[in-house]
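Residues per chain are reported as follows:
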Amino acid sequence: LQVQMLGQFTLRYGDRTISDSDDRSRRVWSLLAYMLYNHGRSFAQEELIHLYWSNGEKSADPGNALKSIFHRIRTALDKLQPGLGRLLIRREAHFHAAEAAEDDDVRLAEYQAALALYAGDPLPRMTDEIWTIPIVAYYHSLYTRAAAGAIELLEKQERTAEAVALCRRAIHIEPYQEDLYEHLMRGLLRTGDMKGAMSVYEEMSELLFAHFGVMPSETLRTLYRQATRTVNDRTLTMDEVCSQLEEPAPHSGAMVCEY
């Protein structure tokens, strides 16, 4: 049984597949996803009732409503295999194999296999379910760590083009991770793409300034200055504008502002 929760929620057994594309069965799929994700333990009826009927939604008999949902889950699973019983799911196997491997080639292969599985955020049709929020954050963290590990190994092996491509994919998923931009800019500088490195910096600085009101780190600014030395471009970046407008530190004490 193959279960995919990244990018979409599907279950595949042999040549048969079912998915959560049917909105009319939203609660059925949500409960199935919750139990699959937490498959290593048992569940009390009270826990599941609290999970789905504690937000003010009324049900005259939540116990029987839960039984009805379980019946529909069994019916859905029977489409894969009549009488389908215990479900076995492997999670994060490639990532943990990479973390444990000592050989660089093995580690890189496992990281790449883990990254290839990340087709998008977990359970995208259930983003309003409170219990999915920590799952999304957890897998984002795993993805970022796997990407960082793979990028460092690619750089170590001087596979710059692959490292640059992976940086771009990772930034699409984690657009505020400055470390990824640093690796990307260094890779572009190594390949001689100075304008590309400048473009990456300018897009990143505008993104950070627009969302957080901050400028990139000094390390990234240094890389940007390194790129601009060989390019004659008179366009002012946000970083340069802020630097020119910055006033010297004022004297301490009271300030009088005349009309």
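Residues numbered from 1 in each chain as written. Predicted model: local features only at pLDDT ≥ 70, side-chain atom pairs only at ≥ 80, totals over all residues. Heavy atoms only, no water.

Student: Talk me through the packing of helix 2 (residues 45–53) against helix 3 (residues 62–78); I want residue IDs and the actual numbers.
Tutor: The N-to-C vectors of helix 2 and helix 3 enclose an angle of 95°; their axes lie 10 Å apart at closest approach. Relative to helix 3, the element helix 2 lies roughly perpendicular. Facing Gln45, Leu48, Ile49 and Trp53 of helix 2, the residues of helix 3 in contact are Pro62, Gly63, Ala65, Leu66, Ile69 and Phe70. (Axes fitted to C-alpha atoms, helices over the stretch in contact; angles between N-to-C directions. Helix = DSSP H or I, 4+ residues; strand = E, 2+ residues; numbered from the N terminus. Parallel < 35°, antiparallel > 145°, perpendicular 65-115°, else oblique. Contact = heavy atoms within 4.5 Å.)

Student: Now, about unusual backbone geometry: what can you tell me, with residues and values included?
Tutor: The phi torsion at Leu123 lies on the positive side, around 50°, for a residue other than glycine. As for its placement among the helices and strands, Leu123 is situated in the loop between helix 5 (104–117) and helix 6 (133–156). One non-glycine residue, Glu158, adopts positive backbone phi at about 60°. You can see Glu158 is positioned in the loop between helix 6 and helix 7 (160–173). Exposure remark for Glu158: the relative accessible area of 69% places this residue in the exposed category. (Buried < 20%, exposed > 50% of the residue type's maximum accessible area, 1.4 Å probe, protein only.)

Student: Could you give me a rundown of the environment of Val28, with the residues and numbers involved?
Tutor: Structurally, Val28 is set in helix 1 (residues 26–37). Remark: the alpha-carbon pair of Val28 and Ala76, spanning 48 residues in sequence, is separated by 9.1 Å. If near-sequence neighbours (up to four positions away) are discounted, Val28 is found in contact with Ile69, Arg72 and Ile73.

Student: Now, about the nonpolar core: what can you tell me, with residues and values included?
Tutor: One recurring pattern in soluble globular proteins is that nonpolar side chains are buried together. Formed by 66 residues in total, the largest nonpolar core has its most connected members in Phe9, Leu11 and Leu32. Counting residues per element, this core draws most heavily on helix 6, at 10 residues. Non-local contacts of Phe9, meaning those with residues more than four positions away in its chain, are made with Val3, Gln4, Ile18, Ser19, Asp20, Trp29, Leu32, Ala33, Leu36, Leu123 and Met126. (Core = buried A, V, L, I, M, F, W, Y, C linked by side-chain atoms within 4.5 Å.)

Student: So what's going on with helix 3? Residues and values would help.
Tutor: Relative to the 24 Å expected for 17 residues at 1.5 Å per residue, helix 3 spans 24 Å between its end C-alpha atoms, a close match to the ideal helical length. Buried within helix 3 are the following residues: Gly63, Leu66, Ile69, Ile73, Ala76 and Leu77. Around the axis of helix 3, the buried residues are gathered within 135° of arc, so they sit on the same side. On its buried face, helix 3 sits against strand 2 (10–13), strand 3 (16–19), helix 1 and helix 2. (Expected span 1.5 Å × (residues − 1). Arc of directions from axis to C-beta.)

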